[in-house]
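For reference, the chains in residue letters:
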Amino acid sequence: MKEIYFDHSATTPVDPSVVEAMMPYLKETYGNPSSSHRMGKEARRGMENAREQVAALIGARPDEIIFTSGGTESNNVAILGTAYRHWEKGRHIITTAIEHRAVLEPCKFLQSHGFDVTFLPVDESGMVDPEDVQRAIRTDTILVSIMHANNEIGTIQPIEEIGRILKERGILFHCDAVQSAGRIPVDVENLGCDMLSISAHKLYGPKGVGCLYLRKGTEIVPLITGGGQERDYRGGTENLPGIVGFGRAAELARQFLNRVPWELVLLRDRIIDGISERIPDSYLNGHRFRRLPGHVSFSFSGVDGKTLVSMLDEKGIAASSGSACHSDSPGPSHVLKAMGYSDQLAQSTLRVTLGKDNDDRQVDYFLAILPDIIEALRNISLELAPEGECPCEDQPSRYHQE
Ligand SMILES: *Cc1c(COP(=O)(O)O)cnc(C)c1O
């Protein structure tokens, strides 16, 4: 059996038609988009076409798109660029405890340089309460950064509601939409944000390219200065093949989202129901309904998540424990900890994230082999557990399964 890829929140395969769109820009159309000769103009046309395609995916204007090297850079520019521009007005930033590290780290950097950062809590399904945002606002708050959908648990935040509150208060709002763009509708007007991050490799595009949406009139300081590219917001010769591929991927994503992706929702729910029925002491992580279409995350008490992932790998299934970024950083997930999990249960996690290349047969195979693997791992951990300690008793107290 061919390898089964169940890790689309870490990255997606590059769509063949994206590769096809990129090829001419690797071979013939190698001009510099800033050059004034014919070759340069042709390169620029490819780039501006991609800008229109990306803008169309999120309901923005092409001149509000700044191409970057991906989600991490976009988040850094939004947060640091706002702080450097507006620190004289105030030095308070609001974010959440469950953001991607590409948001948490720049916020922590600012914290160690005289800024105050509020990390909002979440409930047991990983949801932020808009009223908590409202209450956290101070006269010196210059920025709020909250993700649209969480990479580890798939929970979708009430961004529209938060956006309305912030618009009323005139506070800049950044949204990390790296997991949601291409998976659910993302519209900058509906969401009410001033800045929004996207990454191409999470929506069937190439790695190392993404964009920051910057609402017209929003003032930030660039982090990379040089030749004045991207309207002075991001110096350096553009990653033309990557940008063209990103544009094509955005166009495909827009077609894909023309209708609700029920196939993914059904596959997801087959896995959620299948695991809940077959495996005792399994807990769905994240919100049961307000979650990304292809996103499944479970904790299995008494099971080590990383061992589980490598056992599945041996059976030809590529999944993950928590997030891709956590696979080499030790310690339990900050997201599950913020949701009230014990260290032990937070390290018992399996994330299965589906994409348009997955099918029922693959889900059948996965559901057929998983119960035995879990049972085997639980037997091992029972044998290893110190006397008087049962890892199976480690359950989140506030959590009950649906
Ligand atoms: C993947 C991811 C990022 C980082 O994007 P890169 O393009 O890999 O730098 C940021 N935020 C979220 C929510 C992500 O899932």
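In this text, all values refer to a predicted model and were calculated from it rather than measured experimentally. Every chain begins its residue count from 1, and numbering advances along the sequence as written. Residue-level local features of this predicted model are given only where pLDDT is at least 70; pairs of side-chain atoms are given and counted only at 80 or more, and the full residue set underlies all totals for whole chains, interfaces and linings. Values reported for side chains reflect all heavy atoms of the structure, with hydrogen atoms and water molecules removed beforehand.

Side note on the overall build of the chain
Secondary structure counts use DSSP, requiring at least four H or I residues in a row for a helix and at least two E residues in a row for a strand, with both numbered from the N terminus. The helix and strand inventory of the chain stands at 13 helices and 12 strands. Between the two quantities, the radius of gyration covers C-alpha atoms and the globule rule is 2.2 Å times the number of residues to the power 0.38. Its C-alpha atoms give the chain a radius of gyration of 22 Å, near enough to 21 Å, the size a compact globule of 402 residues would have. In terms of overall dimensions, the chain has a C-alpha envelope of 70 × 55 × 35 Å along the principal axes. Contact definition: two residues touch when any of their heavy atoms are within 4.5 Å. Looking at the chain alone, contacts between residues at least 24 apart form 73% of all its contacts between residues at least 6 apart. Every accessible area reported is derived by Shrake-Rupley at a probe size of 1.4 Å, with residue values counting cover from the shown protein chains alone. Total accessible area computed for the chain in this model is approximately 17,300 Å², and 51% of it derives from carbon and sulfur atoms. We treat Lys and Arg as the positive residues and Asp and Glu as the negative residues; His and chain ends play no part in the count. The atoms used to mark charge sites are NZ of Lys, CZ of Arg, CG of Asp and CD of Glu. Within the chain, one finds 42 positive and 56 negative side-chain charges whose respective centroids are separated by 7 Å.

Examining the pairing of strand S8 (residues 210-214)
With respect to burial, S8 is a largely interior element, five of its five residues being buried. Whether a residue is buried, partly exposed or exposed follows from its accessible area with a 1.4 Å probe, protein chains only, as a fraction of its type maximum: under 20%, in between, or over 50%, in that order. Along S8, one buried face is formed by Gly 210, Leu 212 and Leu 214 and the opposite face, lined by Cys 211 and Tyr 213, is buried too. Should DSSP find at least two bridges between two strands, the strands are taken to pair. Sheet topology places strand S2 (residues 65-68) next to S8; four bridges connect them, and they run antiparallel. The residue bridging Ile 66 from the neighbouring strand is Leu 212, located in S8. By the bridge criterion, five bridges tie strand S7 (residues 195-199) to S8 in an arrangement that is antiparallel. By the bridge assignment, Ile 198 is partnered in S8 with Cys 211.

Brief notes about the domain arrangement of the chain
For each domain, the first and last residues come from an automatic or database assignment. Once the domains are mapped, the chain shows domain 1 (16-257) and domain 2 (261-401). Relative to domain 2, the C-alpha centre of domain 1 lies at a distance of 30 Å. In this assembly, 28 residues from domain 1 lie in contact with 28 residues from domain 2. Note on definitions: buried area is the accessible-area loss of two parts on being combined, 1.4 Å probe, summed for both. Both faces combined, the contact of domain 1 with domain 2 buries some 2,300 Å², and carbon together with sulfur accounts for 62% of it. Of all residues in domain 1, Glu 124, Glu 152 and Ile 153 bury the most surface against domain 2, accounting for 31% of the area lost on that side. Should a side-chain nitrogen of Lys or Arg be within 4 Å of a carboxyl oxygen of Asp or Glu, the pair is scored as a salt bridge. Where domain 1 packs against domain 2, one counts zero salt bridges. N or O atoms closer than or at 3.5 Å make up a polar contact, with two conditions inside protein: a donor-capable atom paired with an acceptor-capable one, and, for residues adjacent in sequence, both atoms drawn from side chains. Where domain 1 touches domain 2, the interface holds 12 residue pairs in polar contact (both at pLDDT 80 or more).

Topic: unusual backbone geometry
Located in the positive-phi region is Tyr 204, a residue other than glycine, with phi close to 70°. What makes Tyr 204 buried here is its relative accessible area of 15%. Backbone geometry places Asp 281, a non-glycine residue, at a positive phi of 55°. By the secondary structure assignment, Asp 281 is in the loop between helix H9 (262-278) and strand S9 (282-284). Relative accessible area serves as the criterion here: at 31%, Asp 281 is assigned to the partly exposed category.

Observations concerning the site of the ligand
The environment of the ligand is made up of 13 residues, and the closest members are Thr 72, Asp 176, Gln 179, Ser 199 and Lys 202. Here an oxygen atom of the ligand sits 2.8 Å away from a polar atom, N or O, in the main chain of Gly 71. At 2.6 Å, a side-chain N or O of Thr 72 approaches an oxygen atom of the ligand. For the ligand, whose free accessible area comes to 380 Å², the fraction covered by protein is 88%. The element contributing the most residues to the shell around the ligand is helix H3 (residues 71-86), with three residues. Each residue is tested against the molecule or strand, and it is near if at least one of its non-hydrogen atoms lies within 4 Å.

Digging into the nonpolar core
Membership of the largest hydrophobic core comes to 60 residues, with the highest contact counts inside it found for Ile 58, Phe 67, Leu 196 and Phe 246. Broken down by element, the residue count for this core peaks at eight residues, all from helix H8 (residues 240-256). For this core, the two domains that each supply at least three residues are domain 1 (16-257) and domain 2 (261-401). In this view, Leu 196 contacts Ile 58, His 174, Cys 175, Ala 177, Val 186, Val 188, Leu 191, Cys 211, Leu 212 and Tyr 213; residues no more than four positions away in its chain are not counted. Only buried Ala, Val, Leu, Ile, Met, Phe, Trp, Tyr and Cys residues count toward a nonpolar core, and they belong to the same one when joined by side-chain atoms within 4.5 Å. In this structure, Leu 267, Leu 312, Leu 354 and Ile 369 belong to the second largest nonpolar core, which totals 29 residues.

Let's talk about the pattern of salt bridges
As enumerated under the stated definition, the model contains 25 salt bridges in all. Residues Asp 15 and Lys 356 are paired through a salt bridge, measuring 3.4 Å at the closest nitrogen-oxygen approach. Note that Asp 15 is positioned in the loop between strand S1 (4-5) and helix H1 (16-26) and Lys 356 in the loop between strand S12 (349-353) and helix H13 (360-384), a separation of 341 residues in sequence. For Asp 15, a relative accessible area of 16% puts it in the buried group. Here Asp 63 and Arg 61 are joined by a salt bridge, their closest N and O atoms 2.8 Å apart. One network of salt bridges, with partners in common, ties together Arg 44, Glu 48, Arg 51 and Glu 230.

Remarks on the confidence of the model for the chain
Known as pLDDT, the predictor's per-residue confidence is scaled from 0 to 100. Overall, the prediction assigns the chain a mean pLDDT of 94, with 93% of residues at 70 or greater. Segment residues 388-402: pLDDT under 50, and 29 contacts once partners within four positions in sequence are set aside and those in other chains are kept.

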